[in-house]
Amino acid sequence: MTTIRRFCCNDLLRFTSVNLDHLTETFNMSFYMTYLARWPDYFHVAEAPGNKVMGYIMGKVEGQGESWHGHVTAVTVATEYRRQQSAKKFMNLLEDISDKIDKGYFVDLFVRASNTPAIKMYEKLGYVIYRRVLRYYSGEEDGLDMRKALSRDVDKKSIIPLKRPITPDELEYD
């Protein structure tokens, strides 16, 4: 049976095997610790029996006004635990927190343009490609900014796609 719970400091020493996937962005310890301290509601881990880490989601809430939203910084599931709906459960959890607790207008995430399986999964979950960010990943690969409107965005303004790609320096960071 899978258990999803809040991520804790000890998990930082246990989740290395999940990050071995070449499509998973990895960060330094202080980056993870900042998310854990500032946005603990947005950082969860899934465990298999025997307390083996299956995957995790890390996100935050950011923006102002109608740009107030939940952001998925990373979601990943270990290869041996894929196709068990874990990523879907993580995404639903983050969406619920963004919608019901933080009253965001939308949830967004960035995904490599070449990561077709992930793009398809996000589309099945209701995400749309909002814009392409040229050379977003290490200055080499384009990223897709995908969004899903939440209940506060009644008119779905937050997911109207941009007509042209942008560069990373055009991104708005909060």
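Residues numbered from 1 in each chain as written. Predicted model: local features only at pLDDT ≥ 70, side-chain atom pairs only at ≥ 80, totals over all residues. Heavy atoms only, no water.

In the annotation of an unreviewed UniProt entry, the protein is listed under the name N-acetyltransferase domain-containing protein and assigned to Linum trigynum.

Caption draft 1: Representation of the pattern of salt bridges. Enumeration over the complete set of coordinates arrives at 13 salt bridges. One salt bridge connects lysine 100 with aspartate 96, and the closest N-O pair in it is separated by 3.4 Å. In this pair, lysine 100 and aspartate 96 both sit in helix α2 (residues 86–101), four residues apart, roughly one turn of the helix. On the basis of relative accessibility, which here comes to 39%, the residue aspartate 96 falls in the partly exposed class. (Salt bridge = Lys/Arg side-chain N within 4 Å of Asp/Glu carboxyl O. Helix = DSSP H or I, 4+ residues; strand = E, 2+ residues; numbered from the N terminus. Buried < 20%, exposed > 50% of the residue type's maximum accessible area, 1.4 Å probe, protein only.)

Caption draft 2: Quick peek at the sheet that holds strand β6 (residues 128–137). Here seven strands make up an open sheet; going across it, the order is β1-β2-β3-β4-β5-β7-β6 and the pairing mixed. What marks the edges here is a single partner per strand, and that holds for β1 (3–6) and β6. Each adjacent strand pair in this sheet contributes to an overall mean axis angle of 25°, direction not counted. Bridge count for strand β4 (residues 69–77) against strand β5 (residues 106–112) is four bridges, and the pairing is parallel. What sits directly across from histidine 71, in β5, is aspartate 108. (Pairing = 2+ DSSP bridges. Axes fitted to C-alpha atoms, helices over the stretch in contact; angles between N-to-C directions.)

Caption draft 3: Local environment of the side chain of lysine 148. Positionally, lysine 148 belongs in strand β7 (residues 141–149). A polar contact is formed between the side chain of lysine 148 and the side chain of glutamate 95, at a distance of 3.0 Å. Those residues in contact with lysine 148 that sit more than four places away from it in its chain are Glu95, Phe106, Val107, Leu125, Gly126, Tyr127 and Ile159. (Polar contact = N/O pair within 3.5 Å; in protein donor to acceptor, adjacent residues only side chain to side chain. Contact = heavy atoms within 4.5 Å.)

Caption draft 4: Representation of the UniProt feature "domain: N-acetyltransferase" (unreviewed entry) in the protein. Under the feature "domain: N-acetyltransferase" (unreviewed entry), the UniProt entry names residues 2–151. Overall, residues 2–151 shows 23% helix and 37% strand. The separation of its end C-alpha atoms is 29 Å. (UniProt positions renumbered as here; feature names shortened; annotations may be inferred.)

Caption draft 5: Focus on α2. Taking 1.5 Å of rise per residue, the 16 residues of α2 would be expected to cover 22 Å, and the 22 Å separating its terminal C-alpha atoms lies within 8% of that figure. For α2, every residue scored as buried is listed here: Ser86, Ala87, Phe90, Met91, Leu94, Glu95, Ile97, Ser98 and Asp99. Count one or two residues on from α2 and you reach lysine 103, which has phi positive near 55°. (Expected span 1.5 Å × (residues − 1).)

Caption draft 6: Main features of unusual backbone geometry. Although it is not a glycine, arginine 83 sits at a positive phi angle of roughly 70°. The residue arginine 83 is located in the loop between β4 and α2 in this model. In this structure arginine 83 comes out as exposed when scored by relative accessible area, which is 85%. Its identity as a non-glycine residue notwithstanding, glutamine 85 has a phi of 75°, on the positive side. Position of glutamine 85 among the secondary structure elements: in the loop between β4 and α2. Residue classification places glutamine 85 among the partly exposed positions, given a relative accessible area of 47%.

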